[in-house]
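Coordinate analysis (summary)
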Amino acid sequence: MSNIFDIYFMLFYIRLALTIKNNFSPIPFIFIGFSSILLQITVLRLLFSTFSGNELDIGITLSFWLIYVGLGSLFGKRIRIRIAFAYSFVLISVLVFPTVLGIKAIRSLLSLQPGELVPLSLIVISTAITILPLCLATGMQFPLAVIYSGEPKAAGIIYGLEAVGAFFGGLLFTFLISSRINMIDLSLFLSLINILAALYIAKKKIISFFFIFPLIFYFVFHETAPSMPWFGLKVSQNVESRYGEIAVIEIKNQSSIYLNGHLLFTYPDKPAAEIKTHLPVTLHPSPSEILVIGGSPGKIRELLKYPVDRITFVEIDPEIVKVSFSLLVDEDREILKDKRLNIIIEDGRRFVKKSVKPEYDLILLNLPQPSTSSINRFYTTDFFEEAKNALKKNGILVLSLPKAAGYIGRDMQLSNGSIYNSVKSVFTHVEVTSEEYGGLFASMTPINTIPEVLEERFAERAPHAEHFHRYIFYDAFSPINVNYVKRRLGEIEFLNTDLKPSAYIYNLLLWTEIYGGRTLRHLLGIKVWHIILFLSLVHIPVLFLAFRRKMRSIYFSIITTGFSSMSLMVSLILAYQAFYGYVYEMIGLLTATFMIGLWAGTAITRKTREPLKILFYLEVSTVILAVTSILFFKGELFFYLLLLFSGMITGGQFNTASLATGKMETAGKIYGLELIGSFTGALIPSIIFIPLFGIYNALLFVAGIKTFSALMIYSSIVLFSQPFIDPA
Amino acid sequence: MSKRVQCELCPNSCVLDLNEVSRCRARMNKDGTLYSLVYGKPCAVHVDPIEKKPFSHFLPGTTAFSIATAGCVLSCKFCQNWQISQAKPEDTDTYDLPPEKVVTHAISHTCRSISYTYTEPTVFYEYMYDTAVIARRKKIRNTMHSCGYMNKKPLSKLTEYMDAANIDLKGFSEDFYAKMCNGSLKPVLDSLVLLKEKNVWLEITNLVIPTLNDDMKKIREMCRWIVKNLGRNVPVHFSRFLPHYKLTNLPPTPVETLTEARATAMEAGLKFIYIGNIRHKGESTYCPECKKILIERIGYFIKRNNISNGRCKFCSASVPGIWS
């Protein structure tokens, strides 16, 4: 799951926290932030695995979350009863389990078969319905808290305290809760502490009666809840890992491992394991060092049948390794004792990058299709270069593409073709199988795919195989079919690179095509001039509305600050995990660096006398940072510096903008505008700007927007230093 | 005068207003006349082993010139060919291949038969029919793999030229057809009976999908129906489900389920039962009398063939099928 979004909410809370001084009784307000961030993570994770999620799902959930929280806070403002604040915690507590169980029940309510994909329309509708009550209640809490505090001016302080709570909630999740506590237990915990909070505030014993609701739900459902989305299929294991929810489904003597509702592999599945190993191994004349990234233990067992020197198995998620090795049937247990097997828990990309000398004869990628930016890192030209360096001279990189039968449709052609073309741009020799096998093989020396040669080689090595047979070579490498695939995929010219990760957007297209949706396809038609035209059209009214008008310029600046800081953050984290690999704690550290920057930025600008002027300089700095940051992508340390600067600039902008308005009441408005900006900044770059135009152009767009915003600020301070007229 | 038309080809019986396209996406009402949008425009053209269709009792070891156009009368959630079957003809890249050319190509590729396959040949009925007529004249056999969702009249007409049909019997309940395919079972059963009556060589494919149609009670019921209505000699292929289309997150069928289905079918009295989509000894043909291996298959390849003149080499039992 994209942790960019996990931390996203924490970010804007913390920004607010840093701008406001605190002299208030803090506990209930800190608690709101703490509880709501954990609830949000819970809901996001549950929805993500219900829909076997991709990047788009997260965007959908967050959109609704924001809208509902906004609506909730509008509604809460009308309730002018002080004690209502205490009961809002009870309300949340009561709503947690129905929401969680509602999400778990979505699949059966929609009568979706186990493993059936969910159409986009149903994802939108069911998300909109299930999270509504809980989000409204969460949104109500903020205005209720202000009323409870008794002084309207406390709003800012309460924002701040919430942020602190959210920050700690996030920390707690990252380092303690994830991979230890499952979502049902976490829900119970959250329900109970919300009632405790209500008790603490209202000091009425009667409230403790409400403890009974979550407890009843928990005892009735905690055992059945994991299997609810599976329609009564046998869920033999359900584990929470940092990377999502792992479920093991048992059908007969066969177990299937799912991560976030997405089928990773089935074990034992000898037919699949054999074909995915014996076919590529036979392509190599003398395989002895094999690197396997991801996949089932069944494949490792097949590989160990060969007289290889070493098999290195790399998997990022320790829980997946634990779970899959716990499933080993007796006859496969021996692989655990085999000294040739070397298991490494690390991001595969990072591992490949680190291997400095050519060591491998084969690199087998057993990864899902690139439906997220994170998996896409294994399908870029940059990764293929790294793989090339890790391979010996005649080494072969092996990957799988989505399969077809008889005909490769246009969306699959685009999705597979962009990968095929990217591989070809790096390796001098690329071979494919017929479309039913979905194999892609790349090397710097010719790969012999003549069936007779392979048949003989396989017969010589004679590994024991039940379902794989040497005749398969004739089928997989039948010249007519191979030529068809090469011709069809060769028509695509797109390249998938780290800085322009296009394949995942094509993969999303393929996914929407399944439900006949063609809307996303229009995205592909977007050209740079469309974006420029669109931005110009948006900016012309802004020019008329905000030119020489201080308040409006500031509001516009705040929206663009939210947008640009989030865009930068998304770009930097995407680039970082592409170049240096994905490390859970490291991404946490990057985020923390940004936050330290935020704090520093606000601290430095706290006492400024000319906030508007400083704001202008900071706007200009954003432009410079956006344009130049790409020059620093080649050093790991630079990323921390970039994020630190970005944080400082953002914090400074936020603080100076608030100060420049000169009014405390505008805090709420700024809060909202910043929210809109950050949200679009998280969504638009990751589904449009970056995949279609690349990170560099995305940053140029940011620079363009910020230049305009800087001009607006400039117009209201320097050019016309007359007293401003605030029309608002 | 109303310019609405009703298509009488399949049980969907689409009633189309002017310029409306049928559910199968391959037919359109243009000015009151029903037109095929796919005639002579296949998007999939391959030379395949006949075993791939799958046919186990029809000219083993030969190749079939295989064609398909876009469109399908059903919409099964597990379709492996969804990229053409669920596509609109205009969204696919096609070849220009009129019936005569199909036959010429088949001959030049030394194919013994033409196969109307991959998607649902019903949707390109006219194209299939015209090609079949020419092929028959040129001594090329005609085969189809179909879901059997065709009305009686067009199907009867087609049987005059169709030598063999492999029909998908996707499940054995109306509920399954309604939920998973948006269709119904009855017309399929009727087609099976009709094809048998008309002496078209018939084989049946049943894709066994975990949790959806893998109940052995239902499989037994289906096999008994086949024995009773079509006879013991109809070959039945139990095919392994692999995650596809809308069911990409459903696990593949356990091998155990397939062998159980095979045993169940044997118990029910069927003589020729195959396991498909997987390399397994159940791909081979065994003599129902002496139990010896008649045709040893590995995938689409024939390792040995012990049938001569339609009889078992070992015990001379007659083996139903088209062997020459």
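Residues numbered from 1 in each chain as written. Chains lettered and ligands numbered in written order. Predicted model: local features only at pLDDT ≥ 70, side-chain atom pairs only at ≥ 80, totals over all residues.

This part is about the overall build of chain A. Per the secondary structure count, chain A includes 28 helices and 11 strands. In terms of overall dimensions, chain A is globule-like: its C-alpha atoms have a radius of gyration of 27 Å, near the 27 Å expected for 728 residues. In terms of principal-axis extent, the alpha carbons of chain A reach across some 85 × 65 × 45 Å. Relative to its full complement of 728 residues, chain A shows a buried share of 57%. A fraction of 82% describes how many contacts in chain A between residues 6 or more apart in sequence connect residues 24 or more apart. (Helix = DSSP H or I, 4+ residues; strand = E, 2+ residues; numbered from the N terminus. Rg over C-alpha atoms; globule rule 2.2 N^0.38 Å. Buried ≥ 20, exposed ≤ 12 C-beta atoms within 10 Å, placed from the backbone. Contact = placed C-beta atoms within 7 Å.)

Our next topic: the overall build of chain B. Along its length, chain B carries 8 helices and 17 strands. Relative to the globule expectation of 20 Å for 324 residues, the C-alpha radius of gyration of chain B, 19 Å, shows essentially globular dimensions.

All names here are of chain A. Here 7 strands make up an open sheet; going across it, the order is β7-β6-β5-β8-β9-β11-β10 and the pairing mixed. Taken across any chain shown, the strands that pair with only one partner, and hence form the sheet edges, are β7 (341–345) and β10 (429–432). Here the strands of the sheet are splayed against their neighbours by 15° on average, with no regard to which way each runs. As defined by bridge partners, strand β9 (residues 391–400) adjoins strand β11 (residues 439–443) across 5 bridges and the pair is classed as antiparallel. Each residue of the ladder has a partner; that of Ser-400, found in β11, is Gly-439. (Pairing = 2+ DSSP bridges. Axes fitted to C-alpha atoms, helices over the stretch in contact; angles between N-to-C directions.)

Another aspect to go through is the interface of chain A and chain B. A common way to state how big an interface is: give the accessible area lost once the parts meet. With 37 residues of chain A at the contact, the number on the chain B side is 35 residues. Those elements that place two or more of their residues in the side of chain A that touches chain B are β2 (244–251), β3 (254–259), β4 (262–267), α11 (270–283), α17 (410–426) and α19 (472–476) of chain A. Looking at the side of chain A that touches chain B residue by residue, the classes come out as 19 nonpolar, 13 polar and 5 charged. (Nonpolar A, V, L, I, M, F, W, Y, C, P; charged D, E, K, R; others polar.)

Angle between the axes and distance between the axes are the two parameters that describe a pair of packed helices. All names here are of chain A. In contact at an axis separation of 11 Å, helix α3 (residues 27–50) and helix α7 (residues 132–149) are set at 165° when each is read in the N-to-C sense. Between α3 and α7, the crossing angle belongs to the class labelled roughly antiparallel. α7 is crossed by α3, and the crossing has left-handed handedness. Only Leu-134, Thr-138, Gln-141 and Ala-145 of α7 make contact with α3, whose side of the interface consists of Phe-29, Ile-32, Ser-36 and Leu-39. Along the lines of polarity and charge, the residues of the contact of α3 with α7 split into 5 nonpolar, 3 polar and no charged. (Parallel < 35°, antiparallel > 145°, perpendicular 65-115°, else oblique. Left-handed = near helix turned anticlockwise from the far one by under 90°.)

A few words on the nonpolar core. Residues and elements named next belong to chain A. Grouped together as the largest cluster of nonpolar side chains are 215 residues, with contacts concentrated most on Ile-363, Leu-397, Val-398, Val-423, Leu-572 and Ala-575. Look past the residues within four positions of Ile-363 in its chain and what remains in contact with it is Leu-291, Ala-387, Ala-390, Leu-391, Leu-397 and Val-398. Of all hydrophobic cores here, the second largest spans 66 residues; its members include Val-69, Val-90, Val-100 and Ile-131. (Core = buried A, V, L, I, M, F, W, Y, C linked by C-beta atoms within 7 Å.)

A few words on unusual backbone geometry. Residue Tyr267(A) is joined to Pro268(A) through a cis peptide bond whose omega torsion reads -10°. At Asn277(B), a residue that is not glycine, the phi angle is positive and equals roughly 65°.

Take the pairing of strand β9 (residues 164–168) of chain B next. Residues and elements named next belong to chain B. Counting buried positions over the 5 residues of β9 gives 5, a clear majority of the element. What you see with β9 is no split at all: Ala-164, Asn-166 and Asp-168 on one side and Ala-165 and Ile-167 on the other are buried throughout. Bridge count between strand β8 (residues 141–146) and β9: 4 bridges; the pairing is parallel. When the bridges of β9 are listed, Thr-143 appears paired with Ala-164. For the crossover from β8 across helix α4 (residues 152–159) to β9, the handedness is right-handed. One ladder, built from 5 bridges, connects β9 with strand β10 (residues 201–208); its direction is parallel. (Right-handed = clockwise from strand over helix to strand, strands pointing away.)

Residue and element names in this part refer to chain A. Here β2 lies mainly inside the structure; 6 of its 8 residues are buried. Relative to β2, strand β1 (residues 234–241) runs antiparallel, the two sharing 7 bridges. Bridge pairing links Lys-234 to Glu-250 in β2. When β2 meets β3, the two strands line up antiparallel, connected through 6 bridges. By the bridge assignment for β3, Glu-250 is matched with Ser-255. With antiparallel pairing between neighbouring strands as the criterion, β2 and β3 make up a hairpin whose turn holds 2 residues, including Lys-252 at a positive phi of roughly 50°.

What follows deals with the sheet that holds strand β5 (residues 44–49) of chain B. All names here are of chain B. Here we have 8 strands laid out as an open sheet, ordered β5-β6-β7-β8-β9-β10-β11-β12, and mixed in their pairing. The sheet is open, and its two edges are formed by β5 and β12 (273–276), each paired on a single side. On average, adjacent strands in this sheet sit at an angle of 20° to one another, irrespective of strand direction. In the sheet, strand β11 (residues 236–240) pairs with β12 via 4 bridges, with the strands oriented parallel.

All names here are of chain B. Structurally, the position occupied by Ile-275 is in strand β12. Looking at Ile-275, the number of C-beta atoms within 10 Å reads 22, which means it is buried. Apart from the residues lying within four places of it in its own chain, the contact partners of Ile-275 are Phe-238, Leu-258, Arg-262, His-280, Gly-282 and Glu-283.

Residue and element names in this part refer to chain B. Relative to each other, helix α7 (residues 216–229) and helix α8 (residues 255–267) sit at 40°, their axes nearing to 9 Å. Classified by the interaxial angle, the pair formed by α7 and α8 is oblique. Where α7 crosses over α8, the two elements pack in a sense that is right-handed. Contact residues: α7 offers Met-216, Ile-219, Arg-220 and Cys-223, while α8 offers Glu-260, Ala-261, Thr-264 and Ala-265. When grouped by side-chain class, the residues that make up the contact of α7 with α8 number 5 nonpolar, 1 polar and 2 charged.

Keep in mind that low pLDDT regions are not for reading the predicted coordinates in detail. Taken as a whole, chain B shows an average pLDDT of 95; of its residues, 100% reach a score of 70 or greater. Across the interfaces of the predicted complex, the ipTM metric reaches 0.92, alongside a pTM of 0.89. (pLDDT = per-residue confidence, 0-100.)

Between its terminal C-alpha atoms helix α23 (residues 528–546) of chain A stretches 26 Å, which fits the 27 Å expected from 19 residues at 1.5 Å a residue. With its phi angle positive at about 65°, Arg548(A) sits one or two positions after the end of α23(A). (Expected span 1.5 Å × (residues − 1).)

Let us now look at helix α20 (residues 479–490) of chain A. Residues and elements named next belong to chain A. Between the first and last C-alpha of α20 there are 16 Å, a value that for 12 residues agrees with the 16 Å anticipated at 1.5 Å per step. Along α20, the residues that are buried comprise Asn-481, Tyr-484, Val-485, Arg-488 and Leu-489. The buried side chains of α20 occupy one side of the element, clustering within an arc of 110° when seen end-on. Across α20 from its buried face, at more than 90 degrees, point the exposed residues Pro-479, Ile-480 and Arg-487. Next to the buried residues of α20 lie α17 and β10. (Arc of directions from axis to C-beta.)

The next point concerns the environment of Lys77(B). With respect to the helices and strands, Lys77(B) occurs in the loop between β6 (63–68) and α1 (82–85). In the structure, Lys77(B) is positioned 171 residues away from Thr248(B) in sequence and 9.6 Å away in space, judged by C-alpha atoms. Contacts of Lys77(B), omitting those with residues within four sequence positions, involve Glu116(A), Met180(B), Tyr245(B), Lys246(B) and Leu247(B).

Our next topic: the environment of Asn253(A). Residues and elements named next belong to chain A. Along the polypeptide, Asn-253 turns up in the loop between β2 and β3. A tally of 11 C-beta atoms within 10 Å means that Asn-253 is categorised as exposed. When the C-alpha positions of Asn-253 and Val-329 are compared, they lie 9.7 Å apart, and in sequence the two are 76 residues distant.

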